[in-house]
Amino acid sequence: MRITDIKTFFVDPGVTVDLGDTKNWLFIRIETDEGIYGWGECYTLLDREKSIAAYVNHIGHYLIGRNPLNIKHFTTVMYEDYADKQGAMDYFCAISGIEQALWDIVGKWLNTPVYNLLGGPCRDKIKVYANGWWEGARTPEEFARKATQVVESGFKALKFYPFDGLKQTYISKQKEQFAIEKVRAVREAIGPDIDLMIDVYRILSPLYAIKAARMLEEFKPFWYEEPIAPDSIDDLAEVRRNINIPIVTGEALYTKSDYRQVFEKRAADIINPDVCSCGGILEMKEIAAMAEPYQVIVSPHNYNSNTIGLAASLHVSACIPNFLILEYFVNFKVRSDEISVGPLNVEDGYISIPKGPGLGVEINEKALARYPYRDFVNPAVRSRCDESS
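Predicted, not measured: the structure shown is a model, and the values here were computed from it. (Residues numbered from 1 in each chain as written. Predicted model: local features only at pLDDT ≥ 70, side-chain atom pairs only at ≥ 80, totals over all residues. Heavy atoms only, no water.)

(A) Inspection of the side chain of Ser 313 at higher detail. Tracing the chain through its elements places Ser 313 in helix α10 (residues 308-319). Of note is the side chain of Ser 313, whose polar atom sits 2.9 Å from the backbone oxygen of Gly 309. Discounting chain neighbours no more than four positions away, the residues touching Ser 313 are Val 275, Asn 302 and Leu 326. (Helix = DSSP H or I, 4+ residues; strand = E, 2+ residues; numbered from the N terminus. Polar contact = N/O pair within 3.5 Å; in protein donor to acceptor, adjacent residues only side chain to side chain. Contact = heavy atoms within 4.5 Å.)

(B) Seen up close, the sheet that holds strand β3 (residues 37-42). Spatial strand order, β1-β2-β3: 3 strands in an open sheet with antiparallel pairing. Single-partner strands in this sheet number two, and they are β1 (3-11) and β3. Sheet twist, expressed as the mean angle between neighbouring strand axes with direction ignored, is 20 degrees. Here strand β2 (residues 25-32) pairs with β3 via 6 bridges, running antiparallel. Bridging across to β3, Leu 26 finds its partner in Cys 42. Set on the sheet, helix α3 (residues 89-110) makes contact with β1, β2 and β3; between it and β3 the angle comes to about 155 degrees. (Pairing = 2+ DSSP bridges. Axes fitted to C-alpha atoms, helices over the stretch in contact; angles between N-to-C directions.)

(C) Representation of the side chain of Asn 306. With respect to the helices and strands, the residue Asn 306 is situated in the loop between β10 (297-298) and α10. A distance of 3.4 Å separates a polar atom in the side chain of Asn 306 from a polar atom in the side chain of Tyr 328. Polar contacts involving the side chain of Asn 306 include one to the main-chain carbonyl oxygen of Phe 329, which spans 3.1 Å. Not counting residues up to four positions away in its chain, the partners in contact with Asn 306 are Tyr 328, Phe 329, Phe 332, Lys 333, Ser 336 and Leu 344.

If you want it as structure tokens, here you go:
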């Protein structure tokens, strides 16, 4: 069996994630001379989708004619020979989607789900937490109402960004108090038994991250995600030592070497690699295995569609013993269901692992054509005048 073609597809998700931006999804289809094909999905960011697709197309030149079963060899030589060991986010997003598509082909060729090729499942269903649920909310009361609706729909855990809108590494007393009031309102609305995750989105300095965390502790957050920028693991370890909320990091890390520092410096309690950007299915499983002897657990990041990206995340989550919970964007469901065959549904806060061969999810190409690439302007890019606000 040999690879004959690789195609890319952009999809407008049809929603505005209420973080000030949205993005297009990027899917990959790899075809073979035996008629077997595989789907993959690349992580994307607003206004960087086309650069990631360009990487896919360039890497695809080296994929044609190869045996799709040789997954590990291909991803290794691409990093060492093509990227010259100088990978960047766009490269890792591209190779992640390609790697998923290769696993989809292998699973279909062997007529078995991908998780059976990774050691077999440790669980039959995957717990998920809700993200993207607060669209339109501005006040603490509005956040509380939206959170209540999510819980009533069956979710046992949810995450949001109370510090959204900050750009500097410091925070004023007024904005700090407003963030605290949002968390207070949500916690009071959902009660003590629902897990509440706080994502700081890599904004604050260690000083302000520690100060804010101590103010949040009374609301018993399930975790405190990416309180500072990921480029200083030493600073993140300092934050972890000085607060009483579990620390999460990982969505902006892309290699086992990046994670090694996190583990060795005891900088996090939980890691959240993304299968669409960390290098793919096998890379995420290897990162999770690295975490085990350090007693670090894994909660995969999943700011991707609820089709291929979600399916790939489910396969890895099923196989790793130290899995905790998986991210799920509720506002991506409608468009995801429109373009997929056999949607992955949440039932009482869980998703059953796919039973079909490969990734167990199919994409309707005709449906993809109805939602082409959409140009978005990134409102988060500041001008000089914004710095005084």
